Every structure is written in structure tokens, then in C-alpha cells.
Amino acid sequence: MEKSFLKKLIQQRMLVLMSVPFVIWLFIFKYLPLWGWTIAFQKYKPALSFSQQKWVGFEHFKFLFQDDRFLRVLRNTLAMSGINLVLGFVTAITLALLLNEVRIMAFKRIVQTVSYLPHFISWVVAAGIIQTTLAPDGIINEILIGTHIISKGNEILFLGIPHYFWGIFGASSVWKEVGWNTIVYLAAMTAIDPSQYEAADMDGAGRFRKMWNVTLPGIRPVIVVLLIMNIGNLMESGFEPQYLLGNGMNVDFSENIDIFVLKYGIEQSNYSLSIAAGMFKTVVSLILLTTANTIAKKTGEARLF
């Protein structure tokens, strides 16, 4: 086994050498900062040295789980991540399947270009577009008035109604990322053996039957791997959209863990609390990723490791 490993290592020495800079970068910027996690167990004061800090054990973690504000942002984080996961997967796979069936190349390229463009808009600009669209004098209210769903003078302040925020966030994320997310699935579809479609044609399968029985099974490993990665990111619901679209009226539904860390940790110089919240998020993400990968392994599906 060892000889085989060494032999393979020597054979792939150029690849190993090429990966060395990345490993060094990974160690310096991703692993060395983990030393800072010790601050979560201290009553950290920047003016004191490491040996002078007061150790408080799990006090900050206990505070987090007894704090209604943190439990609220945890709920918001999981809800928005869940919405993003479901909508992101369904819309991207559906659009990729439909684009794969388009035979007019000019039309296909136009649709791809139009759907990719929002990905390159920064969230600052995107938030401005969304706020203008949803404003009382925005196009959505104009359409609702024009179709007599609401009357003039009863315009809806969408971003002022807390319960609407998760839906607005989900729709905004789909608009911005659905085109970009289809790239991986379209690339996976090109690897499907054309003879499978020919066999389906001989069996009299229509387009939807071929999508269901040929295309979707062909890209299932990609779907599973991306699903595992997204489950690992369930605690990462984002920062910019919630921060830019959030306001005092929808704060109960727009704040997530990242904004909690910024507002109640860094801005108030409570570094220990902010690191405890960030550490909790990372540990839960690691558990989710490992669990999803283990389930995929036991069910015989593709997996990350």
C-alpha cells in the first residue's frame, strides 16, 4: 500500500508541486486564523495580551442560546437558506432542462445571456432595482392597480411588511442567480451519451419522457454533489441582500447570523460574542456537510469524500 502510494506520488509529482502554493495559502488564511476561536472562550479585551485575558468557558455560548434575539436570527438564517436551497435547485434544474431542449440556437443564446446578466450585477445595484420595483410608486404596484387587484391609494409597501421579506429574498435570489446556476447542469448534460436519446426515440419517448428518464438520471451525480455542498452552506444565508433590503420595519425577518455578528458583536466591540456565534455557525455547517455526505455514501450516490 505504502509503495503504491509513493509510486503514485512520484508519478504525479508535477501535480503535487503545483498544489503546494494552494496548500500554503489554505493553511495561512484558513487554518491559522482558527487560533482566534480561543477568543470565544474569553472575556476578550484588545488591550490585554493573550495570557492576561480572562477565561469564561462556554459563557458566551450559553448567552447566545438564552438570547431571544439570537434565536430569532437563527430561525431567519435557516428559513432563508432553506428557501434559497429549494428555489435555487428547482428553478436552475428546470431552466437547464428547458434550455437543453431548445433547438433554435439564437433563441437559446439570448435566453442564456439574459438569465446570466443579473449574476454580474452587484447586490448594491440589485437591491436598488428591487427597492424601486417594490416601492409604492413602483412597477409592481402599478400592475396591481392596472389589473384592479388593489385600488389607487392602497399601494403596498412590500419591504415594510415583515412576513413578505423571505419571499422577496427568495424571488430576488432566483432572479439574480438562476441563469448562472444552470451552467453546471448544462455542462453535465453534454456528457450524457447521445445513444441514450436515440434509444429513447426508438422507444417512442417524447421530450418530457426523455427529460425524466434520460437527462435527469444522467445529471443525478452532479445534482447530489451540489445538494451536499448546499446543505453544508445552510447556515450561510448571505449578508448583502439581507443587509441592503432590510429596514426597521422588517428587521424581525431580515436579520440573520452574519448581521447579528456585525451589529451586536463587532459594532459593539463584543468580539467574544461575535466569534462564538461564528464558531457555532461553522461547527453546525461541518456537521451538516458530513451528515449529508455520509447519507449519500450509504445510499450509493455520488459524494464529496
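Conventions and cut-offs
- Residues numbered from 1 in each chain as written.
- Predicted model: local features only at pLDDT ≥ 70, side-chain atom pairs only at ≥ 80, totals over all residues.
- Heavy atoms only, no water.
- Axes fitted to C-alpha atoms, helices over the stretch in contact; angles between N-to-C directions.
- Helix = DSSP H or I, 4+ residues; strand = E, 2+ residues; numbered from the N terminus.
- Parallel < 35°, antiparallel > 145°, perpendicular 65-115°, else oblique.
- Contact = heavy atoms within 4.5 Å.
- Nonpolar A, V, L, I, M, F, W, Y, C, P; charged D, E, K, R; others polar.
- Buried < 20%, exposed > 50% of the residue type's maximum accessible area, 1.4 Å probe, protein only.
- Arc of directions from axis to C-beta.
- Phe/Tyr/Trp six-rings, centres within 6.5 Å; stacked < 30°, edge-to-face > 60°.
- Lys NZ or Arg CZ within 6 Å of the ring centre and 35° of its normal.
- UniProt positions renumbered as here; feature names shortened; annotations may be inferred.
- Left-handed = near helix turned anticlockwise from the far one by under 90°.
- Core = buried A, V, L, I, M, F, W, Y, C linked by side-chain atoms within 4.5 Å.

## A closer look at the packing of helix α5 (residues 105-116) against helix α8 (residues 165-189)
Alright, step 1. Where α5 meets α8, the axes come as close as 7 Å, and the angle between the chain directions of the two elements is 130°. For the element pair α5 / α8, the angle class is oblique. Along the contact surface, α5 presents Gln112, Ser115 and Tyr116, while α8 presents Gly179, Trp180, Thr182, Ile183 and Leu186.
Alright, step 2. Along the lines of polarity and charge, the residues of the contact of α5 with α8 split into four nonpolar, four polar and no charged.

## Re helix α10 (residues 207-218)
Alright, step 1. The set of residues buried in α10 consists of Lys210, Met211, Val214 and Thr215. Projection of α10 onto a plane perpendicular to its axis shows the buried side chains occupying an angular sector of 125°, all on one side. Opposite its buried face, α10 presents the exposed residues Phe208, Arg209 and Trp212, each directed more than 90 degrees away.

## Section: the packing of aromatic side chains
Alright, step 1. Applying the stated criterion across every chain yields a total of 16 aromatic pairs.
Alright, step 2. Between tryptophan 25 and phenylalanine 29 the ring centres are 6.1 Å apart and the planes differ by 40°, which places this aromatic pair in the tilted class. With tryptophan 25 and phenylalanine 29 both in helix α2 (residues 13-31), this residue pair falls four residues apart, about one helical turn.
Alright, step 3. Judged by its relative accessible area of 53%, phenylalanine 29 falls in the exposed class.
Alright, step 4. Look at phenylalanine 41 and phenylalanine 61: their rings are 5.6 Å apart centre to centre, the planes differ by 35°, and that puts the pair in the tilted class. Separated by 20 residues along the polypeptide, phenylalanine 41 in the loop between α2 and β1 (42-43) and phenylalanine 61 in helix α3 (residues 59-66) bring together distant segments of the chain. Taken individually, phenylalanine 41 and phenylalanine 61 each receive the classification buried, so the pair is uniform in this respect.
Alright, step 5. What links up through ring pairs into an aromatic cluster is the set Phe65, Phe70, Phe260 and Phe280.
Alright, step 6. Over the face of the ring belonging to phenylalanine 253 we find arginine 75, whose NZ or CZ atom lies 4.8 Å from the ring centre.

## Some details on the UniProt feature "transmembrane region" (unreviewed entry) in the chain
Alright, step 1. What UniProt calls "transmembrane region" (unreviewed entry) maps, in this numbering, to residues 12-32, 78-99, 217-235 and 271-296.
Alright, step 2. Secondary structure across residues 78-99 divides into 100% helix and 0% strand, with the first and last C-alpha atoms of the span separated by 31 Å.
Alright, step 3. For residues 217-235, the helix share is 79%, the strand share is 0%, and the end-to-end C-alpha distance is 29 Å.

## A look at the packing of helix α9 (residues 194-202) against α10
Alright, step 1. Relative orientation of the contacting elements α9 and α10 amounts to 150°, with a least axis distance of 10 Å. The two elements α9 and α10 meet at a crossing, and its hand is right-handed. Contacts between α9 and α10 involve Gln196, Tyr197, Ala200 and Asp201 from the first element and Lys210, Val214 and Thr215 from the second.
Alright, step 2. Within the contact of α9 with α10, the residues separate by chemical class into three nonpolar, two polar and two charged.

## A few points about the nonpolar core
Alright, step 1. Core analysis: the largest hydrophobic core is formed by 23 residues, its most contacted members being Tyr185, Met189 and Ile219.
Alright, step 2. Secondary structure elements with two or more residues in this core: α4 (68-101), α8, α9 and α10.
Alright, step 3. In this structure tyrosine 185 touches Phe89, Ala92, Ile93, Ala96, Ile219, Val222, Ile223 and Leu226, once residues within four positions along its chain are discounted.
Alright, step 4. Core analysis: the second largest hydrophobic core is formed by 17 residues, Leu64, Val261, Leu273 and Met279 among them.

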